[in-house]
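Close look at the chain arrangement
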Amino acid sequence: MHQQASVIQHENTNLKKDGSQIMCEWLNAPFKSKYDRNNFMLCMARDITERKQLEQQLKQAAHYDNLTGLANRSLILELLERALTMAARKQAKVALLFLDLNDFKAVNDRLGHDAGDLLLKIVAQRLTQAVRKADYVGRLGGDEFLVILQDIDTLESAQDLTRKLYEHLKQPCTIKTETVLPGASIGISLYPDNGKDGSVLLNDADQKMYRDKRDKRK
């Protein structure tokens with residue numbers, strides 16, 4: 001009777017004759033002959049490239065905004081919780097910026113929803129370019145965005161970075177041959193000064209954003 005050991009499973013990339021790369025799943029089953037004279041290894045491989053691509057697409061759809069490519073609502077809120085946990089361990093501060101575009105509805109009404117979508121993409125790109133590598137940018141939905149600034153020393157430091165965001169955002173852009181000046185209202189909430197819970201900080205930043213928007217209209 002064959003003495004079969006446990007099956008060993010692993011995945012790796014392989015090159016085909018035409019030079020293309022595929023992902024393979026390997027099943028290796030070592031066993032001995034019934035006379036215990038020889039050791040054998042049964043190896044089976046299957047191409048799982050399409051499956052891996054589908055898994056990546058599903059992961060992308062679950063965690064990233066389809067229009068802008070930014071972290072979606074669920075992921076950016078998860079990243080906020082991670083940032084707060086890390087800040088608590090390091091006794092550091094985190095700034096949460098709640099950003100809402102000004103006059104976005106007017107762009108949609110005047111130029112169409114495709115123009116509004118293009119503006120959202122431009123804003124997302126500018127936000128990503130303006131923040132530091134350690135920071136996060138996400139889209140809550142509509143024309144609302146969140147920016148998480150990690151390792152912030154003071155509120156003044158967060159305000160300095162916020163002014164940098166304003167400068168990047170307000171540069172004119174051309175949409176359907178029309179010049180658009182993107183603008184935004186931003187509320188800043190600081191951990192742990194304004195709260196230690198993500199939902200508390202989010203609500204605080206939201207309220208401050210609306211105050212900023214109201215002040216801009218005066």
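A brief look at the structure comes next. (Residues numbered from 1 in each chain as written. Predicted model: local features only at pLDDT ≥ 70, side-chain atom pairs only at ≥ 80, totals over all residues. Heavy atoms only, no water.)

1. Points about the environment of Ala130
Mapping Ala130 onto the fold places it in helix H4 (residues 113–130). For the pair Ala130 and Glu167, spaced 37 residues apart in the sequence, the C-alpha separation amounts to 9.1 Å. (Helix = DSSP H or I, 4+ residues; strand = E, 2+ residues; numbered from the N terminus.)

2. Quick notes on the packing of helix H3 (residues 104–111) against H4
Put simply, H3 and H4 touch, their axes get as near as 6 Å, and they point 140° apart. Here H4 runs oblique to H3, going by the angle between their axes. Of the residues in H4, those touching H3 at Phe104, Val107, Asn108 and Leu111 are His113, Asp114, Ala115, Gly116, Leu119 and Leu120. Of the residues contributing to the contact of H3 with H4, the split by class is six nonpolar, three polar and one charged. (Axes fitted to C-alpha atoms, helices over the stretch in contact; angles between N-to-C directions. Parallel < 35°, antiparallel > 145°, perpendicular 65-115°, else oblique. Contact = heavy atoms within 4.5 Å. Nonpolar A, V, L, I, M, F, W, Y, C, P; charged D, E, K, R; others polar.)

3. Some remarks on the pattern of salt bridges
Taken as a whole and assessed by the stated rule, the structure comprises 13 salt bridges. As a salt-bridge pair, Arg46 and Glu25 come within 2.5 Å of each other at their nearest N and O atoms. Of this pair, Arg46 sits in strand E4 (residues 39–47) while Glu25 is found in strand E3 (residues 21–32), placing the two residues 21 residues apart along the sequence. For Glu25, a relative accessible area of 5% corresponds to the buried category. Between Arg110 and Glu178 there is a salt bridge, with its nearest N and O atoms 2.7 Å apart. Placement of Arg110 in helix H3 and of Glu178 in strand E9 (residues 178–180) is noted, with a sequence separation of 68 residues between them. Note on Glu178: relative accessible area 26%, which makes it partly exposed. (Salt bridge = Lys/Arg side-chain N within 4 Å of Asp/Glu carboxyl O. Buried < 20%, exposed > 50% of the residue type's maximum accessible area, 1.4 Å probe, protein only.)

So, to be careful, I would describe these as geometric facts and stop short of saying anything about function.
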